[in-house]
Amino acid sequence: MAEPAAATAPAGALLRIEGLTKHFPVVAGLLRRQVGVISAVDGLSFEIMRGETLGLVGESGCGKSTAGRTILRLYEPTAGRVLFEGTDITALSGEALRRMRPRMQMIFQDPQACLNPRMTVGSIIAEPLDEQARMSAAEKRARVQELLEAVGLNPAFANRYPHEFSGGQRQRIGIARAIALNPAFIVCDEPIAALDVSIQAQVVNLLEDLQERFGLTYLFISHDLSMVRHIADRVAVMYLGKAVELGPREAIYRAPLHPYTRALLSAVPIPDPKVERTRSRIILKGDVPSPRTRRRDAGSAPAARSRKGAAPRRCRHGGRWAGADGWPATSPARGAKFRRGRGPRPYLGLRPGPHPRNREKTDATCAKPDAGLGRRAGAGRRGRRGPARPGRPAQHPLLAGGVDPEPVPVGGNQGCRGREPRPRAAGAL
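How each quantity is defined
- Starting from 1, residues in each chain are numbered consecutively following that chain's sequence as written.
- The predicted nature of this model means local features are confined to residues of pLDDT at least 70 and side-chain atom pairs, given and counted, to a pLDDT of 80 or more, with totals for whole chains, interfaces and linings taken over all residues.
- For side-chain calculations, the full set of non-hydrogen atoms in the structure is used, while hydrogens and water are omitted.
- The numbering of helices and of strands both runs from the N terminus, where a helix is a DSSP run of H or I of at least 4 residues and a strand a run of E of at least 2.
- Summary of the burial criterion: residues with accessible area below 20% of their type's maximum are buried, those above 50% are exposed, and those between are partly exposed, where the area comes from a 1.4 Å probe applied to protein chains only.
- Here a residue-residue contact requires only that any non-hydrogen atoms of the pair lie within 4.5 Å.
- With residues, only the protein chains shown are counted as cover, and all accessible areas are computed by Shrake-Rupley using a 1.4 Å probe.
- The set of buried Ala, Val, Leu, Ile, Met, Phe, Trp, Tyr and Cys residues whose side-chain atoms join them within 4.5 Å is what this entry labels a nonpolar core.
- Note on definitions: salt bridges are taken to be side-chain nitrogens of Lys or Arg within 4 Å of carboxyl oxygens of Asp or Glu.
- Think of each axis as a best-fit line through the C-alpha atoms, taken over the contacting stretch in the case of a helix, with angles from 0 to 180 degrees between the N-to-C directions.
- Handedness of each helix crossing follows the sense of rotation of the near helix against the far helix: counterclockwise by less than a right angle gives left-handed, clockwise gives right-handed.
- Note that Gly is not counted as nonpolar here; it falls among the polar residues with everything else outside the nonpolar set of Ala, Val, Leu, Ile, Met, Phe, Trp, Tyr, Cys and Pro and the charged set of Asp, Glu, Lys and Arg.
- One requirement defines pairing of two strands: DSSP has to find at least two bridges between them.

Enquirer: What is the right way to read the overall build of the protein chain from this model?
Expert: Along its length, the protein chain carries twelve helices and 14 strands. Counting over 429 residues, the protein chain shows a buried share of 43%. Summarising the internal contacts of the protein chain: among those between residues at least 6 apart in sequence, 63% fall at separations of at least 24. Here the protein chain displays about 22,800 Å² of accessible surface, and carbon together with sulfur accounts for 51% of that area.

Here it is, written out as structure tokens:
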């Protein structure tokens, strides 16, 4: 495939993301047919200037790591464009994409899993050189020793295996492999998450030294907001695949605008007991909506979740609570059952009875359940439904009286779908 023409990029921007989307299919059934999608990244847009570090933060499952892998084409994007040095790499394939690989690299989260245990450290670091560079064996050995020294390891360790190193040393090996081809852009996918606190500072200082020495550009993905504040120039906050806030580091940390950003920053501990005891923390109520069934306007969800003053709305049948705008104000009650695509079914305090629509204290007709409908002494499975008449199954007394009972409240954010009882013929099911 021919390499596309260079697209227009703003001056100084090394990377520009426009509406990046990544959906994972959901399959079910014997034939593995697609029944839905998981929207891991949904319309993500930002740009990274040359030589800067953009911090990408958010809670687990919001799509940070998926966004980083999709930018590097480790995952194929569903939609959107990725402009790297003016070239749309989403339109590249084959040899054209292979020539772009040395300019973009990645540091993975788990230093143990990303290193081949059957290869020596020297072979691991030299593997990118084998694939992309035309160098002799002596030149590769010299380059490997140079990279080990650059990340603070002894060049004599080149003949050792990954299991002989600590977690911090293995992460340094991964960094050496990432900078082996002199890239311009590196995605740091939580490089300090699996390390001790004392080792985290050493790895972050190493990344800063390498950035100053080689002029690198970082997309730094992390859960540690205090470490992001230390290393990042700008910060992007993700929620359910979208960037809900993006701005300079100090502006984000001093005066966050989005309620979700304020809630995240309120969870960062302050190393001052007096301040920590007096400050208030924003606690988000409820669960994060599923990326499969969530509403399209994900940006308004945190405001509804963190609101305290709004009075919740409850359906008249005892169903889910919902805020004024339809988002759940509280988590589902204990015993809630989740149904495909329609949210949880509310727990209504069901008692063993003849019909799943029988419930206590929610309707005048069901206020006094028939005592004869419970379990009879010595009865089997049929005994739970009361005595059965010959030739036809046991039925609810409301059905026998010709009145359809009240409908069960439907889960989700819309409360109940109430309807009037409709008459039926006496004795009809």
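After presenting the structure, the write-up continues.
Enquirer: Would you take a moment to explain the nonpolar core for this structure?
Expert: As a rule of thumb, nonpolar side chains are buried together in soluble globular proteins. By size, the foremost hydrophobic cluster in this structure holds 50 residues, and its most contacted members are Ile125, Ile175, Leu207 and Val235. Those residues in contact with Ile175, other than ones at most four positions away along the chain, are Ile107, Val151, Val203, Leu206, Leu207 and Leu210. Listed in part, the 30 residues of the second largest apolar core include Leu14, Leu56, Leu72 and Ile89.

Enquirer: So what exactly am I meant to see when it comes to the pattern of salt bridges here?
Expert: A full pass over the atoms with the stated rule returns twelve salt bridges. Among the ionic pairs, Arg50 bridges to Glu85, the shortest N-O distance being 4.0 Å. Within this pair, whereas Arg50 is found in the loop between strand 2 (33-49) and strand 3 (53-57), its partner Glu85 is found in the loop between strand 4 (79-84) and strand 5 (87-88), the two being separated by 35 residues in sequence. The partner of Arg103 in a salt bridge is Glu85, with the nearest N and O atoms 2.7 Å apart.

Enquirer: How should I be thinking about the packing of helix 3 (residues 121-132) against helix 4 (residues 137-150) in this particular structure?
Expert: Helix packing for two helices is described by the angle between their axes and how far apart those axes are. For the pair helix 3 and helix 4, the least separation of the axes is 10 Å and the interaxial angle reads 115°. The way helix 3 lies across helix 4 gives a crossing that is right-handed. In this structure, helix 3 uses Val121, Gly122, Ile125, Ala126, Leu129 and Asp130 to contact helix 4, whose residues at the interface are Lys140, Arg143, Val144, Leu147 and Leu148. Looking at the contact of helix 3 with helix 4, its residues break down into seven nonpolar, one polar and three charged.

Enquirer: Help me understand the pairing of strand 3 in this model?
Expert: Both faces of the sheet carry side chains from a regular strand, because those side chains alternate between them. For strand 3, the buried fraction is high: five of the five residues fall into the buried class. Neither face of strand 3 is left uncovered, since the one carrying Thr53, Gly55 and Val57 and the one carrying Leu54 and Leu56 both have all their residues buried. The sheet contact formed by strand 3 and strand 8 (residues 217-221) spans four bridges and is parallel. Note on strand 8: the bridge partner recorded for Leu54 is Leu219. Taken together, the four bridges between strand 3 and strand 9 (residues 234-239) define a ladder with parallel strand orientation. By the bridge assignment for strand 9, Val57 is matched with Val237.

Enquirer: Explanation requested: the sheet that holds strand 7 (residues 185-189) in the structure shown.
Expert: In a beta sheet, neighbouring strands are held together by backbone hydrogen bonds and run either parallel or antiparallel to one another. Taken together, six strands build an open sheet; the order of strands is 6-7-8-3-9-10 and the sheet is mixed. Each of the sheet's edge strands pairs with one partner strand only, and the pair in question is strand 6 (104-107) and strand 10 (242-248). Averaged over neighbouring strand pairs, the angle between their axes works out to 20° when direction is ignored. Bridge count for strand 6 against strand 7 is four bridges, and the pairing is parallel. Each residue of the ladder has a partner; that of Gln105, found in strand 7, is Ile186. Relative to strand 9, helix 9 (residues 259-266) is tilted by about 105°, and along the sheet it contacts strand 9 and strand 10.

Enquirer: Hey, could you run me through the sheet that holds strand 2 in this one?
Expert: The four strands are arranged 2-1-4-5 in an open sheet whose pairing can be described as antiparallel. The strands lining the two open edges of the sheet, one partner per strand, are strand 2 and strand 5. Relative to strand 5, strand 4 is paired through two bridges, and the arrangement is antiparallel. In the sheet register, Leu83 faces strand 5, and the bridge partner there is Asp88. Running at roughly 115° to strand 1 (residues 13-28), helix 1 (residues 64-71) makes contact with strand 1, strand 2 and strand 4 of the sheet.

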